[in-house]
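Structure at a glance
Okay, here's what each chain looks like letter by letter:
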Amino acid sequence: DENDRTRTLHWKVNPIVETLDLSDTVLDYTGDVVTYSPSGFDPVTMLVNGNTGFSPGDYTATFTFRDSLNYVWSTERSEYNIPEDASVTINEDEVIVKWSITRGVYDLDRLGTPTTEFVYDREEHYPVFENVPSWLTIIPDRTVTNASESTVKITLTFSASEDSGYVLNETSRTYDVK
């Protein structure tokens, strides 16, 4: 029969094309583990390796797909919001991102209020905080020993060790000591 012809139809299922927002590749040190997780990352469909760090420094995260047959990365760099100074490698199978942790800012207000009144005991005194991190050095510009009717202004200089992961929001404060 003329109407009984076999016809062949060719068709293709294309994979889903994904991107990530890589606009922020620099994170701040927090004192805890820092996780680099760009917007667009979906742990259901994607895998990542190298996206956690603790100390300030440079790291490399590699993003891939759990199902690389049905998902691919866009190869159009403009779709990723990549900063000019960022190092990113993109192909259909993986996205490799150089990211970093910078030194965090430590706010000296976290130290609380120091003790600034002392009882005469023949010892030298200056403002003292209860809980000072081991990486923080405090040096007074002067001390008091004798009881006095007037207050003495003492300036404390603060410094963070290089390996602390922090920079300070200020480096000196002046206190009235009696």
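The coordinates are above.
From a predicted model like this one, the values you see are computed outputs, not experimental measurements.

One can find histidine 125 in the loop between β10 (104–106) and β11 (136–140). Since its relative accessible area comes to 15%, histidine 125 is described here as buried. Among the polar contacts listed, one links the side chain of histidine 125 to the side chain of aspartate 121, at a separation of 2.9 Å.

Counting residues in each nonpolar core, the largest one holds 36 residues, and the members touching the most others are Leu22, Tyr36, Phe63, Trp73, Val95, Leu136 and Phe158. Counting only elements with at least two residues in this core, the list comes to β6 (57–65), β7 (71–73), β8 (88–90), β9 (95–102), β11, β12 (152–160), β13 (166–168) and β14 (172–177).

With respect to topology, three strands assemble into an open sheet ordered β11-β12-β14, the strand pairing being antiparallel. Edge positions in the open sheet fall to β11 and β14, since each of these has one partner strand only. Across this sheet, the average inter-strand angle for adjacent strands is 30°, counted without regard to direction. Bridge count between β11 and β12: five bridges; the pairing is antiparallel. In the sheet register, threonine 137 faces β12, and the bridge partner there is serine 159.

Turning to the pattern of salt bridges, a few remarks are in order. Counted according to the given criterion, the structure contains four salt bridges. With its nearest N and O atoms 2.6 Å apart, the salt bridge here joins aspartate 109 to arginine 173. Of the two residues, aspartate 109 is situated in the loop between β10 and β11 and arginine 173 in strand β14; the sequence distance between them amounts to 64 residues. With a shortest N-O distance of 2.8 Å, aspartate 176 and lysine 153 are connected by a salt bridge. Of this pair, aspartate 176 sits in strand β14 while lysine 153 is found in strand β12, placing the two residues 23 residues apart along the sequence. Residue classification places aspartate 176 among the partly exposed positions, given a relative accessible area of 41%.

Analysis parameters
Residues numbered from 1 in each chain as written. Predicted model: local features only at pLDDT ≥ 70, side-chain atom pairs only at ≥ 80, totals over all residues. Heavy atoms only, no water. Helix = DSSP H or I, 4+ residues; strand = E, 2+ residues; numbered from the N terminus. Buried < 20%, exposed > 50% of the residue type's maximum accessible area, 1.4 Å probe, protein only. Polar contact = N/O pair within 3.5 Å; in protein donor to acceptor, adjacent residues only side chain to side chain. Core = buried A, V, L, I, M, F, W, Y, C linked by side-chain atoms within 4.5 Å. Pairing = 2+ DSSP bridges. Axes fitted to C-alpha atoms, helices over the stretch in contact; angles between N-to-C directions. Salt bridge = Lys/Arg side-chain N within 4 Å of Asp/Glu carboxyl O.

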